[in-house]
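Chain and residue survey
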Amino acid sequence: MTKKIPSHKDFSKVSDLSNSINKIVVSRGNPFAKLMIIGEAPGAKEEEVGEPFVGRSGKLLDKLLQKAGIDINLDVYFCNVVKCRPPKNRRPTKTEIQENLPWLYQQIKLVNPEIIVLVGATALGAILENKSPISILRGKWINWKGKLIIPIFHPAYLLRNQSKEEGAPMSLTKLDLLKIKEKIDTLK
Ligand code: URA
């Protein structure tokens with residue numbers, strides 16, 4: 001089966017943001033993976049390298065995924081809602097999110113994952129109509145267009161909240177990732 005994998009050429013004009021940046025950040029990982037991880041937007045390191053989740057947050061996310069037994073090269077396709085870095089790392093605006101959504105939907109269609117992990121409140125708000133906060137929805141399976149969605153805390157939030165206590169964001173996220181790993185195994 002041939003599969004058209006989204007490349008930078010497909011994203012040449014994703015929004016007005018693409019006028020002010022030097023690289024459009026599309027994806028990292030396996031485009032045939034059953035698991036798609038969707039973040040907010042690239043930061044400075046991601047823009048420099050041209051891949052999502054390669055800065056401090058990404059390194060923490062990789063470490064937590066690997067600890068849960070998830071293979072970051074084989075099991076995962078990483079991308080973001082917004083494909084260009086918002087100036088000064090500010091949060092993307094509602095307009096920027098709306099402009100980028102068709103590209104994200106196209107990516108979801110082409111990669112066709114069975115599980116989608118929404119990383120942080122921006123990804124959650126962009127995809128789901130349920131406007132409950134991430135603290136309520138994290139770790140919960142949600143059916144969405146024939147796929148399973150699960151929100152988790154953003155690793156940048158975990159970097160700011162490093163308590164290892166039971167019930168703290170870090171330990172909740174570790175449990176969420178174990179839950180995701182179990183689900184991946186049921187799909188194999
Ligand atoms: N945060 C995100 O949401 N995405 C990235 O690619 C990097 C940091």
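Since we're looking at a predicted model, the values are computed, not measured. (Residues numbered from 1 in each chain as written. Predicted model: local features only at pLDDT ≥ 70, side-chain atom pairs only at ≥ 80, totals over all residues. Heavy atoms only, no water.)

To continue, consider the side chain of Ser57. Structurally, Ser57 is set in helix α2 (residues 56-67). Aside from chain neighbours lying at most four places away, what touches Ser57 is His154, Pro155, Ala156 and Leu159. (Helix = DSSP H or I, 4+ residues; strand = E, 2+ residues; numbered from the N terminus. Contact = heavy atoms within 4.5 Å.)

All chains considered together, the criterion is met by three aromatic pairs. When the ring of Phe53 is compared with that of Phe78, the centres are 6.3 Å apart and the planes differ by 55°; the resulting orientation is tilted. Taken together, the residues Phe53 in the loop between α1 (44-49) and α2 and Phe78 in strand β3 (residues 76-80) connect sequence positions 25 residues apart. Of the residues examined, Phe53 reaches a relative accessible area of 5% and is grouped as buried. (Phe/Tyr/Trp six-rings, centres within 6.5 Å; stacked < 30°, edge-to-face > 60°. Buried < 20%, exposed > 50% of the residue type's maximum accessible area, 1.4 Å probe, protein only.)

Okay, the packing of helix α3 (residues 94-111) against helix α4 (residues 120-127) next. The interhelical angle for the contact between α3 and α4, taken along N-to-C directions, is 80°, at an axis separation of 11 Å. By the angle between their directions, the pair α3 and α4 is classed as roughly perpendicular. Seen from α3, the contacting residues are Ile97, Leu101, Leu104, Tyr105 and Ile108; seen from α4, they are Thr122, Ala126 and Ile127. (Axes fitted to C-alpha atoms, helices over the stretch in contact; angles between N-to-C directions. Parallel < 35°, antiparallel > 145°, perpendicular 65-115°, else oblique.)

Gly39, Glu40, Ala41, Glu46, Pro52, Phe53, Asn80 and His154 make up every residue found near the ligand. Phe53 places a main-chain nitrogen or oxygen 2.8 Å from an oxygen atom of the ligand. Between Asn80 and the ligand, the recorded distance is 2.7 Å, taken from a side-chain N or O atom to a nitrogen atom. A total of 240 Å² of accessible area belongs to the ligand in isolation, and the protein chains cover 92% of it. Here the ligand occupies the largest pocket. Of the residues in the shell around the ligand, the class split is three nonpolar, three polar and two charged. (Near = heavy atom within 4 Å. Polar contact = N/O pair within 3.5 Å; in protein donor to acceptor, adjacent residues only side chain to side chain. Areas by Shrake-Rupley, 256 points an atom, 1.4 Å probe, with all protein chains shown as cover. 1 Å grid on protein atoms, 1.4 Å probe; cavity = no way out; pocket = protein on both sides within 12 Å on 5 of 7 lines; lining within 4 Å. Sits in = over half its atoms within 2 Å of the grid points. Nonpolar A, V, L, I, M, F, W, Y, C, P; charged D, E, K, R; others polar.)

What follows is about the pattern of salt bridges. By the definition in use, this model includes six salt bridges. With a closest N to O distance of 3.0 Å, Asp62 and Arg28 form a salt bridge. One end of the pair, Asp62, is in helix α2; the other, Arg28, is in strand β1 (residues 28-29), and 34 residues separate them in sequence. Arg28 shares its class with Asp62; the two are buried. Among the salt bridges present, the one from Asp176 reaches Arg138, with a minimum N-O distance of 2.8 Å. Placement of Asp176 in helix α7 (residues 169-187) and of Arg138 in the loop between α5 (134-137) and β5 (142-144) is noted, with a sequence separation of 38 residues between them. (Salt bridge = Lys/Arg side-chain N within 4 Å of Asp/Glu carboxyl O.)

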